[in-house]
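Summary of structural features
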Amino acid sequence: MILPSVCQIVSCAMSIHKTFITTINDRCIVIVPSLGKIFEIDNSLKGSIPAFIESGDPLPVSRWDNLKDFQFLGVNFLLTNRCNLRCGYCYEDDKPCASEAIFLKDEIIYAAIDYVAQCALEVGAPRIYANMFGGEPTLSFKSIQKGVNKLRSTAQKNGIISRATITTNGVMDKDKAIWLANNMDAITISFDGPPEIHNLHRSNSFDAVFKTAKTIFGIATQKISFRVTVSSMSVTKLPMITEFLGKNFPKSRIFIEPVFSIGGGINTKYGMPDHSAFFQGFLDSLPIAENYGCKIKTSILNIGAKSKQFCGAPGNNFMIAPDGRVSVCNRMVTNSNPIGDKFTYGKFDEKLKIFVFDAEKYNWLKTLRPNIIPACENCFASSNCRGDCVANKAIVDPVSFPTTPSYRCQEIREFIGKILLYIIDHGGEQIEWRE
Amino acid sequence: MPTIEDLRQMATTEVDISSANALGIFTSNRDCGDNDGCDGDCGGDGSEGC
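Residues numbered from 1 in each chain as written. Chains lettered and ligands numbered in written order. Predicted model: local features only at pLDDT ≥ 70, side-chain atom pairs only at ≥ 80, totals over all residues.

**A closer look at the overall build of chain A**
Helices and strands together make up the secondary structure of chain A, namely 13 helices and 17 strands. Relative to the compact-globule value of 22 Å for 435 residues, chain A shows a C-alpha radius of gyration of 22 Å, a close match. Judged by the C-alpha coordinates and their principal axes, chain A covers about 65 × 50 × 45 Å. Per-residue burial over chain A gives 51% buried out of 435 residues. A separation threshold of at least 6 residues defines the contact pool for chain A, and within that pool the share at least 24 residues apart is 70%. (Helix = DSSP H or I, 4+ residues; strand = E, 2+ residues; numbered from the N terminus. Rg over C-alpha atoms; globule rule 2.2 N^0.38 Å. Buried ≥ 20, exposed ≤ 12 C-beta atoms within 10 Å, placed from the backbone. Contact = placed C-beta atoms within 7 Å.)

Structure follows, in structure tokens:
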């Protein structure tokens, strides 16, 4: 077989694209992810569908594809391990009061921003980003402000653009919400729906979160997104949750994820929902989201994505824990699960004032890509789920998780199949019909 | 090697995957610009990939 990358070089104009074939409800569907195309083909022709096709369109290039080891164009700051809520399902350890309060030092924030700016200059990237995360990042609000100011000034000095984002539980003073609306590029608020659901999940914080969301929405409508965590209790109410958010915050982006059995999520009565029920709730939410001009997403549904990996865990994430450790996964670095250490590959050396990386661990992390999962090789859903979250898989199966399919593989395949049919049947901006 | 035109000739329907965007589905190529993937808390950390 001719390698696509070689083909691109020698033939200059043509590239080779893999096709993925599946049958859903007795209908033959072909996906060409690298061309962004879905075809329905008569079942009688199924045996004639080529495994590869040639096209003048180039293969997509992810922003991660051309980076060298330890090159990062953005950083996620876990500003503190403190939180002002006690959500039952939180992935962080469920004894935060017993642990020491740690706040990320400003010198580490500055060093990390200088580091990503240097990387951007090395590769000629036009943009750097910083995301503020926690714990609850707004408990370290001065660090947010200093970090954003440093990001903006560093980008300006180097002639590149910057993107500052935050994920927050929304429990904050109005002044802080106004500052975020005016100074961040994107703000994601954890919001689980109407009060009868949100208050049960998230420490009776509905009133405060709703006020914050309304404040930000009123100032910067386009910047707001919501993270909805769905439990076994709320899963059947997912369409109602979408209706609530759509009605109050039309045109917003809504990221919907199930509770996962880690940290506090293990022993809570609002635990991990049934996978099929979760995906069905998502499907039932689609027409509601469309009605309000909202866009909904869940992490294994990656329509139009260029990358072949689920997330930046295979060596692309630069996440800094409150104590200065560097990890590829925020969940694994703030949880005491024994496998979490495998996802931590460096730290900030306070004497040398530089980041020090463990190459052996980093090289192992780089292998955590779906191309080492045999079951994913020819799977039609793989361009969406991309092997699913390696951290969650590691919790489920700490030994063989790198090469095994997701614990919810069957449900994902059924879901992606239904999504593909939904896109075909509901038209969207359908290009062409043939008899 | 077959071309995309050959595949088109076999198809009864062809849909651009980004048309999902008009159906309420978040699509990376339209909603993230050139962003891609998940940088942090999967599916919603407000960072680039989301």
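**Concerning the overall build of chain B**
Helix and strand content of chain B: two helices and one strand. Traced from its N-terminal end to its C-terminal end, chain B shows the element sequence α-β-α. Per-residue burial over chain B gives 66% buried out of 50 residues.

**Considering the nonpolar core**
Core analysis: the biggest nonpolar cluster contains 131 residues, and A:Phe77, A:Val116 and A:Ile320 have the highest contact counts within it. Ignoring any residue separated from it by four or fewer positions in sequence, one finds A:Phe77 in contact with A:Leu104, A:Ile109, A:Ala130, A:Met132, A:Phe133, A:Gly147 and A:Ile320. (Core = buried A, V, L, I, M, F, W, Y, C linked by C-beta atoms within 7 Å.)

**A short note on the environment of A:Asp323**
Tracing the backbone shows A:Asp323 in the loop between β13 (319–320) and β14 (325–327). When the C-alpha atoms of A:Asp323 and A:Lys347 are compared, they prove to be 8.5 Å apart, with 24 residues separating the residues in sequence.

**Topic: the pairing of strand β2 (residues 20–24) of chain A**
Working note: regular strand, side chains alternate between the two faces of the sheet. Residues and elements named next belong to chain A. Bridge analysis of β2 against strand β3 (residues 27–32) gives five bridges, and the strand direction is antiparallel. Looking at the pairing, isoleucine 21 lines up with valine 30 of β3. If you look at the hairpin formed by β2 and β3, you'll find two residues sitting between the two strands, and asparagine 25 has a positive phi there, around 50°. (Pairing = 2+ DSSP bridges.)

**A look at the sheet that holds strand β10 (residues 224–230) of chain A**
Residue and element names in this part refer to chain A. Within the open sheet, the eleven strands sit side by side as β12-β11-β10-β9-β8-β7-β6-β13-β14-β15-β16. Their pairing is mixed. At either margin of the open sheet sits one strand with a lone partner, and together these are β12 (295–297) and β16 (354–357). Of the pairings in the sheet, the one linking strand β11 (residues 253–258) to β12 comprises three bridges and is parallel in character. Bridge pairing in β12 places arginine 253 opposite lysine 295.

**Quick look at the confidence of the model for chain B**
Residues and elements named next belong to chain B. Averaged over all residues, the pLDDT of chain B is 68; the fraction at 70 or higher stands at 54%. Considering only residues more than four positions removed or in separate chains, one finds that residues 33–50, a stretch of pLDDT under 50, has 83 contacts. Quick note on the complex model: pTM equals 0.91, ipTM equals 0.84. (pLDDT = per-residue confidence, 0-100.)

**Describing the domain arrangement of chain A**
One can read the domain layout of chain A as domain 1 (4–60), domain 2 (74–297) and domain 3 (375–435). Relative to domain 2 of chain A, the C-alpha centre of domain 1 of chain A lies at a distance of 37 Å. (Domains from an automatic or database assignment.)

**A few points about the confidence of the model for chain A**
For chain A, the average pLDDT comes to 90, and 94% of its residues sit at 70 or higher. Here residues 1–11 of chain A is a poorly scored stretch, pLDDT under 50, and it has eleven contacts once near neighbours within four places are set aside; other chains count.

**What about the packing of helix α2 (residues 106–123) of chain A against helix α3 (residues 141–157) of chain A?**
Residue and element names in this part refer to chain A. It is the contact of α2 with α3, at a shortest axis distance of 10 Å, that shows an interaxial angle of 25°. Taken together, the axes of α2 and α3 lie roughly parallel to each other. The way α2 lies across α3 gives a crossing that is right-handed. In contact with Asp106, Ile109, Tyr110, Ile113, Asp114 and Ala117 of α2, α3 contributes Ser143, Lys146, Gly147, Lys150, Leu151, Thr154 and Ala155. A per-class count over the contact of α2 with α3 returns six nonpolar, three polar and four charged. (Axes fitted to C-alpha atoms, helices over the stretch in contact; angles between N-to-C directions. Parallel < 35°, antiparallel > 145°, perpendicular 65-115°, else oblique. Left-handed = near helix turned anticlockwise from the far one by under 90°. Nonpolar A, V, L, I, M, F, W, Y, C, P; charged D, E, K, R; others polar.)

**Some details on helix α7 (residues 238–248) of chain A**
Listed as buried for α7(A) are A:Leu238, A:Ile241, A:Thr242, A:Phe244, A:Leu245 and A:Gly246. Buried-residue contacts for α7(A) involve α5 (195–201), β10, β11, α8 (275–291) and β12 of chain A.

**A closer look at the pairing of strand β4 (residues 37–41) of chain A**
Summarising burial for β4(A): five of the five residues are buried, a large majority. Taken together, the five bridges between β3(A) and β4(A) define a ladder with antiparallel strand orientation. Within β4(A), the residue paired with A:Ile29 across the bridge is A:Glu40. Remark: four residues form the turn of the hairpin made by β3(A) and β4(A), two consecutive strands paired antiparallel; A:Gly36 in that turn has positive phi of roughly 65°. Pairing between β4(A) and strand β1 (residues 11–16) of chain B: five bridges, direction antiparallel. Its bridge partner lying in β1(B), A:Ile38 is registered against B:Val15.

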